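Observations on the model geometry
Residue-level listing of the chains:
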Amino acid sequence: MTDLDVVVIGAGFAGIYAVKALRDAGLRVAALEAGSGIGGTWFWNCFPGARCDVESKDYSYSFSEELQEDWSWSERYPAQPEVLRYLHHVADRFGLWANIQLNTTVTSATWDSDRAQWAVVTADGAARTARFLVSAVGCLSASSVPDIPGLGSFGGAWFHTARWPKEGADFTGKRVAVIGTGSSGIQVAPEIAAVAGHLWVFQRTAHFAVPNRNAAVSPEADAAVKARYRAYRAQARESMLGVPLTGTGKSALEVTAAERAGAYQEKWNAGGGMPFLGLYTDLLITRKANDTVAEFIRDRIRETVTDPAVAEQLCPRDYPVGAKRLAQSDDYYAMFNRPNVTLVNARTSPIVSVAASGLRTADAFYELDAIVFATGFDAISGALDRIAVTGADGLSLKSAWAAGPHAYLGLMTAGFPNFFIVTGPGSPSVFSNMVLSIEQHVEWIRDCVSHVLGEGASWIEPLAPAEEAWVAHTQDVAYSTLFPLADSWYVGANIPGKAQVFSPYVGGVGPYRAKCDEVVANGYEGFALAYNGTR
Ligand SMILES: Cc1cc2nc3c(=O)[nH]c(=O)nc-3n(C[C@H](O)[C@H](O)[C@H](O)COP(=O)(O)OP(=O)(O)OC[C@H]3O[C@@H](n4cnc5c(N)ncnc54)[C@H](O)[C@@H]3O)c2cc1C
């Protein structure tokens, strides 16, 4: 008999819910978590300014009506400490702590077909066996620090936003560089600018950001959401992005320029990225439609930033709005009007090296006390790539995914029996409200495990042709949109040497859920069950 029925790797939103759902299904389950606390993203990314950009009423679990009732969010877009408190509340409320082991990094997982089990080894050398393995390692958890010569010789302090020290960092009066202007850079920079002696923001690619208009959630608004939560969540499950949106249902090109400008301004004033992108049906489909919203945002940048030369450098031009994650900030662009903030163009003057006293670009040297890397993640497959996962017949996941990560329905990959990936490649994952997508995957996995056990089977595994067809479909859908047009972390472009494949499913959360349900209704179509170790 195995030590456990299921090992879950990770204890973020996905791992926490996997523990609850699998335990409630009567299974012996443990989540192994590398961090010294639960929460995943919300444990590691404790940098100043970190907050979610999907509204709290959406970015929260929906699996328990009691949980929805007894938790009230203080803000429309809560900051990192509040999301982390929420996850602790969930673990307390459902008594999940006993099933979570912290400070435990999984280093390898090896499938044994003879015994129909996984052997999971952790950094402390301990080994556990389990019939099922669930990866909840996160799409954005393997942080990436660029390989800059001389970084080790830097005499000041350096940080990565996703490995922020729990005791915090004091930038008061300091000379600070922020490297990277994606979502995290856009969140952290204004916080540092407010206290630093001087802040240099090193930008390689300008980023689109829209206001979030964050605000406190009043007791009345909280009650109104709760009064119709069930219907609201049902709408979210059927939606494209995992959030009910009120778009116009029209093409951006079928309305007049004045009508469009009015609609964009309304969304700009209301705040939020997803409502913006959902306004017209073709904003993410045709470049001409997208150009209308791109120009609108560029105009807002020009309006906000007083130095026209700086404003032009902040205007993104080489990719469509939304093809890189649309950032949200109420004060990022305005920050460049401060006398203690300088934008550095790291494309025309690339960073060359770091020395004891600062940072050298192709044409200047910056004396610094601190460097903040907001350089993101080896996304989607990075955390799994750091584990030696070996499936049937000695097949390593690294080699199976050498040309890019892939999975049938984003859930399982051929050659790796009884191995499930929450928000894996080929699922809506990072293109959705991730909490909703995580819930859907965890529930699907729970039901699948119960099915395998109920059938008396040894294992389940996707058939290669089904997986190939799903990958081809995800590619067809992606290439009918503008998403692949950006060199983004979505395709792995930020990691030198990484195979560049657009892996998320952008066909929508609702249609995707329907497909997953249909596969089950058709007797786990595209999957094979093995009995007594043979198919
Ligand atoms: C700053 C920031 C803001 C975000 N805001 C939003 C938002 O507003 N809306 C949204 O939908 N998404 C957002 N995201 C994406 C976010 O990652 C997901 O929403 C969600 O938190 C993912 O949960 P998860 O459990 O899948 O992964 P994670 O939260 O990343 O958790 C994975 C866990 O696995 C652990 N782990 C990894 N490898 C191992 C190993 N080998 N052994 C043991 N443990 C391991 C990690 O330590 C981590 O704790 C944001 C991400 C960031 C970085």
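Described in the following lines is the structure provided in the data block. What you are looking at is a predicted structure, and each value in this text was computed from that prediction instead of being measured.

1. Considering the side chain of serine 251
- With respect to the helices and strands, the residue serine 251 is situated in the loop between helix H7 (229–238) and helix H8 (257–270).
- By relative accessible area, which is 16% here, serine 251 ends up buried.
- Dropping the residues within four chain positions of it, serine 251 is found in contact with Tyr280, Thr281 and Asp282.

2. Some points on the site of the ligand
- Near the ligand you find 33 residues, and of these Glu33, Thr41, Asp53, Tyr59 and Met434 are the closest.
- Contact between the ligand and methionine 434: an oxygen atom at 2.8 Å from a main-chain N or O atom of the residue.
- Coverage of the ligand by the protein chains reaches 94% of its 980 Å² of free accessible surface.
- Put simply, the parts of the chain that give the shell around the ligand at least two residues each are helix H1 (13–24), helix H2 (41–44) and helix H15 (434–454).
- For the shell around the ligand, the element with the most residues is H2, which contributes three residues.
- Taken together, the residues of the shell around the ligand break down into 18 nonpolar, 12 polar and three charged.

3. A short note on the environment of valine 6
- Within the secondary structure layout, valine 6 lies in strand S1 (residues 4–9).
- Spatially, the C-alpha atoms of valine 6 and histidine 160 are 33 Å apart, while their sequence positions differ by 154 residues.
- Discounting chain neighbours no more than four positions away, the residues touching valine 6 are Leu22, Leu27, Arg28, Val29, Ala30, Ala130, Phe132 and Val134.

4. Regarding the packing of H8 against helix H10 (residues 287–304)
- Here H8 crosses H10 at 55°, and the two axes come no closer than 11 Å. Classified by the interaxial angle, the pair formed by H8 and H10 is oblique. Crossing hand, H8 versus H10: right-handed. Between H8 and H10, the residues in contact are Arg260, Ala261, Tyr264, Gln265 and Trp268 and Ala289, Thr292, Val293, Phe296, Ile297 and Arg300, respectively.
- The residue inventory of the contact of H8 with H10, partitioned by class, reads seven nonpolar, two polar and two charged.

5. As for the environment of threonine 375
- Tracing the chain through its elements places threonine 375 in the loop between strand S16 (370–373) and helix H13 (382–385).
- Separated by 232 residues in the primary sequence, threonine 375 and serine 143 place their C-alpha atoms 7.9 Å from one another.
- Each residue touching threonine 375, except ones within four places of it in the same chain, is listed here: Ser144, Val145, Pro146, His160, Ile179 and Asn494.
- Of note is the side chain of threonine 375, whose polar atom sits 2.7 Å from the backbone oxygen of serine 144.

6. Focus: the nonpolar core
- Counting residues in hydrophobic clusters, the biggest one holds 134 residues, and the most contacted among them are Phe13, Tyr61, Leu199, Phe336 and Phe420.
- When residues in this core are grouped by element, the largest group, nine residues, is from H15.
- When residues no more than four places from it in sequence are discounted, the contact partners of tyrosine 61 are Gly12, Phe13, Ile16, Tyr17, Leu67, Gln68, Tyr86, Leu87, Val90, Arg233, Val435 and Glu439.
- Grouped together as the second largest cluster of nonpolar side chains are 27 residues, Ile9, Ala109, Val137 and Ala392 included.

7. Details of the packing of aromatic side chains
- Here the structure, examined in full by the defined rule, presents 44 aromatic pairs.
- Considering the side-chain rings of tryptophan 42 and tyrosine 59, the 5.8 Å spacing of their centres and the 70° angle between planes classify their relative orientation as edge-to-face. With tryptophan 42 in helix H2 and tyrosine 59 in the loop between H2 and helix H3 (65–70), this residue pair connects regions lying 17 residues apart in the sequence.
- Of the residues examined, tryptophan 42 reaches a relative accessible area of 7% and is grouped as buried.
- By relative accessible area, tyrosine 59 is classed as buried at 11%.
- A centroid spacing of 5.6 Å and a plane angle of 75° characterise the contact between phenylalanine 159 and phenylalanine 171, whose relative ring orientation is edge-to-face. Of this pair, phenylalanine 159 sits in strand S7 (residues 157–160) while phenylalanine 171 sits in the loop between S7 and strand S8 (175–179); the two residues are 12 residues apart in sequence, bridging distant segments of the chain.
- By relative accessible area, phenylalanine 159 is classed as buried at 13%.

The rules behind each value
- Residues numbered from 1 in each chain as written.
- Predicted model: local features only at pLDDT ≥ 70, side-chain atom pairs only at ≥ 80, totals over all residues.
- Heavy atoms only, no water.
- Helix = DSSP H or I, 4+ residues; strand = E, 2+ residues; numbered from the N terminus.
- Buried < 20%, exposed > 50% of the residue type's maximum accessible area, 1.4 Å probe, protein only.
- Contact = heavy atoms within 4.5 Å.
- Near = heavy atom within 4 Å.
- Polar contact = N/O pair within 3.5 Å; in protein donor to acceptor, adjacent residues only side chain to side chain.
- Areas by Shrake-Rupley, 256 points an atom, 1.4 Å probe, with all protein chains shown as cover.
- Nonpolar A, V, L, I, M, F, W, Y, C, P; charged D, E, K, R; others polar.
- Axes fitted to C-alpha atoms, helices over the stretch in contact; angles between N-to-C directions.
- Parallel < 35°, antiparallel > 145°, perpendicular 65-115°, else oblique.
- Left-handed = near helix turned anticlockwise from the far one by under 90°.
- Core = buried A, V, L, I, M, F, W, Y, C linked by side-chain atoms within 4.5 Å.
- Phe/Tyr/Trp six-rings, centres within 6.5 Å; stacked < 30°, edge-to-face > 60°.

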